[in-house]
Amino acid sequence: MTDQYDLIIVGGGPIGLACAIEAQKKNLHYLIIEKGALVNSIFNYPLYMTFFSTAERLEIGDIPFNCLAPKPGRQEALEYYRNIHRYFNFKIHLFEKVTEINKNETSIFEVTTDKNSYCAKNVVIATGFYDIPITMNVKGEELSKVRHYYKEAHEYAFRNILVVGANNSSVDAALECWRKGANVTMVIRKNEINSRVKYWVKPDIENRIAEGSIKAYFQSNITEIRENEVEIETPEGKVTIENDFVLALTGYKPDLNFLEKMGIQLSDDELKIPVYNPETMETNVEGLFLAGVVCGGMQTHKWFIENSRIHANMIVDYITSK
């Protein structure tokens, strides 16, 4: 075992960094452990993704986020959070995965990773929700042509692409691929584009569908994926279309099993919302806290950087008041 920390923060995204900033202000002995790169989820966003939020809503630590465009993109965000790290010089271990967190008989947390083990009086879980894709559970989903993450459009140029879903990621991918020369079809479970799609993008996709540039099957579902085609159940019956790639951008979920292994209780319904005190962010396990998107369980649209930055203050204020 290494020395004992006042606080270990699991997750090096914006909210994990915000927790570290507050810990530094209160002179806590802390450590961030991140399984990938700094702000790993943002790093894995599509290359040309634009945030819904304006730059000032993504700020942490009272450090201005300067951006010339009305909305920052992935590149600007990575630059900003790298500069945040340069400024605060966080105590952080990157590319180290936490595998287990247990509380011993002296109420100290033993945090085990794939590289080391640590002790801490308190632990914050700020792991987001981008790790586990929500699967469609259809035959052929395991084929290599099925992608649950989208990076950029070039690979799909001049190919038959099926995009599943009607949320921001699906719509962005459909439009980008179409503009790069792909033949794009969308399969949408409901009868319209999601109302939460970015307001400057929604008319674009609706117009492309209306003019026939992008084919969309509403109130429809994939029933089977094969090497060169996909079968779709539509209100008019089954349709089979030629297909080279399926972008199954059906959303992601937190590692709920990881939360349960630590003893965190989840709601009994399909939302699987973790139990925590909304005033302190402490879970039913004393000394174990949640911050950021992970607090919403399957409600991954509830918490964002801009409305969960306050979790950092709440947690550290509570720890230092005890």
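Residue numbers restart at each chain and count upward from 1, following the sequence in its written direction. Where totals are concerned, whole chains, interfaces and linings use all residues; where local detail is concerned, this predicted model gives features only for residues with pLDDT of at least 70, and gives and counts side-chain atom pairs only at 80 or more. Side-chain metrics rest on all non-hydrogen atoms present in the structure, leaving aside hydrogens and water.

Caption draft 1: Examining the packing of helix H1 (residues 14–25) against helix H3 (residues 74–88) more closely. Put simply, H1 and H3 touch, their axes get as near as 12 Å, and they point 20° apart. Classified by the angle their axes make, H1 and H3 are roughly parallel. Pair H1 / H3 crosses with left-handed handedness. Between H1 and H3, the residues in contact are Pro14, Leu17, Ile21 and Gln24 and Tyr81, Ile84 and Phe88, respectively. Three classes are used, and their members are as follows: Ala, Val, Leu, Ile, Met, Phe, Trp, Tyr, Cys and Pro are nonpolar, Asp, Glu, Lys and Arg are charged, and the others, Gly among them, are polar. Looking at the contact of H1 with H3 residue by residue, the class counts come to 6 nonpolar, 1 polar and no charged. Working convention: axes come from line fits to C-alpha atoms, limited for helices to the stretch in contact. Angles between N-to-C directions cover 0 to 180 degrees. Put simply, DSSP H or I for four residues or longer makes a helix, DSSP E for two residues or longer makes a strand, and each gets a number counted from the N terminus. We call two directions roughly parallel when the angle between them is under 35 degrees, roughly antiparallel when it is over 145, roughly perpendicular when it lies between 65 and 115, and oblique otherwise. Rotating anticlockwise by less than a right angle from the far helix to the near helix defines a left-handed crossing, while the corresponding clockwise rotation defines a right-handed one. Residue contacts are counted whenever heavy atoms from the two residues lie within 4.5 Å of one another.

Caption draft 2: Spotlight on H1. Multiplying 1.5 Å by the helix residue count minus one yields the expected span of that helix. For H1, built from 12 residues, the straight-helix expectation of 16 Å at 1.5 Å per residue is met to within 8% by its first-to-last C-alpha distance of 17 Å. Along H1, 10 of the 12 residues are buried, which leaves the element largely enclosed by surrounding structure. Inspection of H1 places Pro14, Ile15, Gly16, Leu17, Ala18, Cys19, Ala20, Ile21, Glu22 and Ala23 among the buried residues, and these make up the whole buried set. Looking one or two places after H1, you find asparagine 27, whose phi comes out positive at around 60°. The buried label applies to any residue whose accessible area, calculated with a 1.4 Å probe on protein chains only, is under 20% of its type's maximum; exposed applies above 50%, and partly exposed to all values in between.

Caption draft 3: Local environment of the pairing of strand E12 (residues 221–225). Here, a strand pair is defined by DSSP locating no fewer than two bridges between the strands. Here E12 pairs with strand E13 (residues 229–234) via 4 bridges, running antiparallel. Residue pairing for E13: glutamate 224 is matched across the bridge by glutamate 231. Taking the residues between adjacent antiparallel strands as the criterion, E12 and E13 are bridged by 3 residues.

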